[in-house]
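# Structural description and commentary
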Amino acid sequence: RVRGANACLGKPVVYKPTDGDNWDKAKRVWRMNYFLFGEVVTHLGGTHLNIEQYVVPMMRNVRRNPIFNLLFPHTYGTVSINEGADNLLTGGMALVPLGSALSKLSVATAAKASFGAMNWADWSPRKQMNENHYFAK
């Protein structure tokens, strides 16, 4: 069963495999929504935009630290990939606004909303274990 809100009637409608074309249409709508949520909210917002906030300061401030050699291969190209994704998803001839019901503004709004929901509210720095434990200072 696929449940969908019918905007015209204002109440939910349930489609079953025996409903023929309506069943196929409902599956298409569900798949598109699932794709958009996965691509815009989870992948763009949750992965790319989230990691960029760490990559940019790392590239600016950690270049001479040995940890840079460990992290760099995993983050190489992140900013340019994000720029390309931004153009593909929300730019001039963007894939999502042209191929779905979402506008450029709604794609940006969905990405910002998902990104804004990620926080460090319960996080705190670890306590210093001893005087030589300089990472916690």
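A few points on the structure. Predicted model, so just to flag it, every value in this text is computed and none were measured.

The rules behind these values
By convention here, each chain's residues receive numbers from 1 onward along its written sequence. In keeping with the predicted nature of the model, local features appear solely for residues at pLDDT of at least 70, side-chain atom pairs appear and are counted solely at 80 or more, and the whole-chain, interface and lining totals rest on all residues. Computation of side-chain values: all heavy atoms of the structure, hydrogens and water removed. Every axis in this analysis is a line fitted to C-alpha atoms, fitted for helices over the stretch in contact. Angles between the N-to-C directions lie between 0 and 180 degrees. Note on conventions: DSSP H or I runs of at least 4 residues are helices, E runs of at least 2 residues are strands, and numbering of each starts at the N terminus. An angle below 35 degrees is read as roughly parallel, one above 145 as roughly antiparallel, one from 65 to 115 as roughly perpendicular, and any other as oblique. Crossing handedness: left-handed means the near helix sits turned counterclockwise from the far one by under a right angle, and right-handed means the same turn made clockwise. In this analysis, two residues are considered to be in contact whenever any of their non-hydrogen atoms come within 4.5 Å of each other. Residue polarity is assigned by list, with Asp, Glu, Lys and Arg as charged and Ala, Val, Leu, Ile, Met, Phe, Trp, Tyr, Cys and Pro as nonpolar; anything else, Gly included, falls into the polar class. For this analysis, a ring pair means two rings from Phe, Tyr or Trp (six-membered ring only for Trp) whose centres lie within 6.5 Å, classed as stacked if their planes differ by under 30 degrees, edge-to-face if by over 60, and tilted for the remaining angles. In these notes, a set of buried Ala, Val, Leu, Ile, Met, Phe, Trp, Tyr and Cys residues joined through side-chain atoms within 4.5 Å is what counts as a nonpolar core. Accessible area is worked out with a 1.4 Å probe on protein chains only. A residue is then buried under 20% of its type maximum, exposed over 50%, and partly exposed in between.

For the rest of this paragraph, the subject is the packing of helix 1 (residues 21-61) against helix 2 (residues 66-75). Across the interface, helix 1 lies against helix 2 with an axial gap of 11 Å and an inter-helix angle of 135 degrees. Taken together, the axes of helix 1 and helix 2 are oblique relative to one another. Handedness of the crossing formed by helix 1 with helix 2: left-handed. Packed against helix 1, whose contacting residues are V55, M58 and M59, the element helix 2 presents F68, L71, F72 and T75 at the interface. For the contact of helix 1 with helix 2, a count of residues per class yields 6 nonpolar, 1 polar and no charged.

Tallying each qualifying case throughout the model produces 3 aromatic pairs. Residues W30 and Y34 carry aromatic rings whose centres are separated by 5.0 Å and whose planes lie at 10 degrees to one another, so their mutual orientation is stacked. Residue W30 and its partner Y34 are both found in helix 1; the two are separated by 4 residues, about one turn of the helix. Centre to centre, the rings of F72 and Y76 are 5.3 Å apart; their planes meet at 70 degrees, and the pair counts as edge-to-face.

So, on to the nonpolar core. L36, V40, L44, A85, L89, V96, V107 and A111 form the largest nonpolar core, which has 8 residues in total. Residue assignment for this core shows that the elements contributing at least two residues are helix 1, helix 3 (78-90) and helix 5 (104-117). Excluding residues that lie within four positions of it along the chain, A111 makes contacts with V40, L44, G45 and L49.

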